[in-house]
Each structure stands twice: as structure tokens, then as C-alpha cells.
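# Coordinate analysis (summary)
Spelled out, the chains give:
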Amino acid sequence: QVQLVESGGGLVQAGDSLRLSCAASGRTFSSYRMGWFRQAPGKEREFVAAIRWSSSSTYYADSVKGRFTISKDKAKNTVYLQMNSLKPEDTAVYYCASQKYYSGSYDYPPNYDYWGQGTQVTVSS
């Protein structure tokens, strides 16, 4: 069983930066792809960014492209989301997810097998 634990959320002002971390643990952790999603109150969960575990391929939602950067540290089984130039519309609970094997598009939440508990990001104007 894989466990994902997010950290790094908080309350910041517009224009500030935050770095989220997602630490994966399990007897033998392996992943095809790791992703970040977010969900604002009253809205559906939406894709933010994803990264292939075994290559340098990254993917971003248009709304965060150029402001957010996803990266990984395989030695630590950790994925990061560096968020710069934050906007009030980035306010949401951010979730980390793992896709064990290729099972479809990177931006479709049901294609992911494991999820973290989420971390709140609030951006004030």
C-alpha cells in the first residue's frame, strides 16, 4: 500500500511563493506518474501538474504554466510543486496523486491509484 503525505500549504498574499512537498512511502514504492490536483470549494477537482517518474516529462494546466514547476527527488520518493506568482484563484486544497501504471491521460483524476490527504493553500488579495 502506498501512502502519500503532502506538506507546505499555508496562507500567503498574492504574488508570493509556496513549495508543496509530497512524500511517498510504502513497502516498495514505484510509480508511472505523479500528479498534483486541486479542488476549490464548490468546484470539481482539477489537474495542476504531473511528472513521469522515470523520465523528465512534465505536464501543466494552462492556468499554472509559467508560474508552477513540478519536480521530483527519486532518492527521497518525493515530488514537489513550486508555486510562484500566486493568485487568489489558486486558493484550493492541493492533492498529490500517484499513477502506478499507465492507465490513461495525466489530467484525469480517476486514472490515479493513490491520493494524499491534501494541503490547504490560501492566497489573499
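Up top you'll find the structure we're talking about.
Being a predicted model, the structure only gives us computed values, none of them experimental. (Residues numbered from 1 in each chain as written. Predicted model: local features only at pLDDT ≥ 70, side-chain atom pairs only at ≥ 80, totals over all residues. Heavy atoms only, no water.)

A large share of strand β9 (residues 92-99) lies buried, amounting to 7 of its 8 residues. As judged from the 7 bridges shared by strand β4 (residues 33-39) and β9, these two strands associate in the antiparallel manner. Of the residues in β9, the one forming a bridge with R33 is Q99. Here β9 pairs with strand β11 (residues 119-124) via 3 bridges, running antiparallel. Pairing of Y94 across the sheet is with T119, part of β11. (Buried < 20%, exposed > 50% of the residue type's maximum accessible area, 1.4 Å probe, protein only. Helix = DSSP H or I, 4+ residues; strand = E, 2+ residues; numbered from the N terminus. Pairing = 2+ DSSP bridges.)

Moving on to the nonpolar core. The biggest cluster of nonpolar side chains holds 36 residues, and the ones touching the most others in it are M34, W36, L81, M83 and Y94. Elements with a minimum of two residues in this core: β3 (18-25), β4, β5 (46-52), β6 (58-60), β7 (68-73), β8 (78-83), β9 and β11. Per-element tally for this core: the top contributor is β5, with 5 residues. Excluding anything up to four places from it in sequence, L81 contacts L18, R19, L20, W36, V48, A49, F68, T69, I70 and Y94. (Core = buried A, V, L, I, M, F, W, Y, C linked by side-chain atoms within 4.5 Å. Contact = heavy atoms within 4.5 Å.)

This next bit is on the pattern of salt bridges. For the coordinates displayed, the defined rule picks out 4 salt bridges. Put simply, R38 and E46 hold a salt bridge, and the shortest N to O gap is 2.6 Å. Owing to a relative accessible area of 5%, R38 belongs among the buried residues under this scheme. Its relative accessible area of 37% is what places E46 among the partly exposed residues. The closest approach of N and O atoms between D90 and R38, which form a salt bridge, is 2.9 Å. You can see D90 sitting in the loop between β8 and β9 and its partner R38 sitting in strand β4, a full 52 residues away along the chain. Just as D90 is buried, R38 falls in that class too. Through salt bridges with shared partners, a single ionic network connects R38, E46, R67 and D90. (Salt bridge = Lys/Arg side-chain N within 4 Å of Asp/Glu carboxyl O.)

On to the environment of R52, then. Looking at the element boundaries, R52 is found in strand β5. As a C-alpha pair, R52 and G35 span 17 residues in sequence and 8.7 Å in three-dimensional space. Within the local environment of R52, its side chain forms a polar contact with the side chain of S54, the two groups lying 3.4 Å apart. (Polar contact = N/O pair within 3.5 Å; in protein donor to acceptor, adjacent residues only side chain to side chain.)

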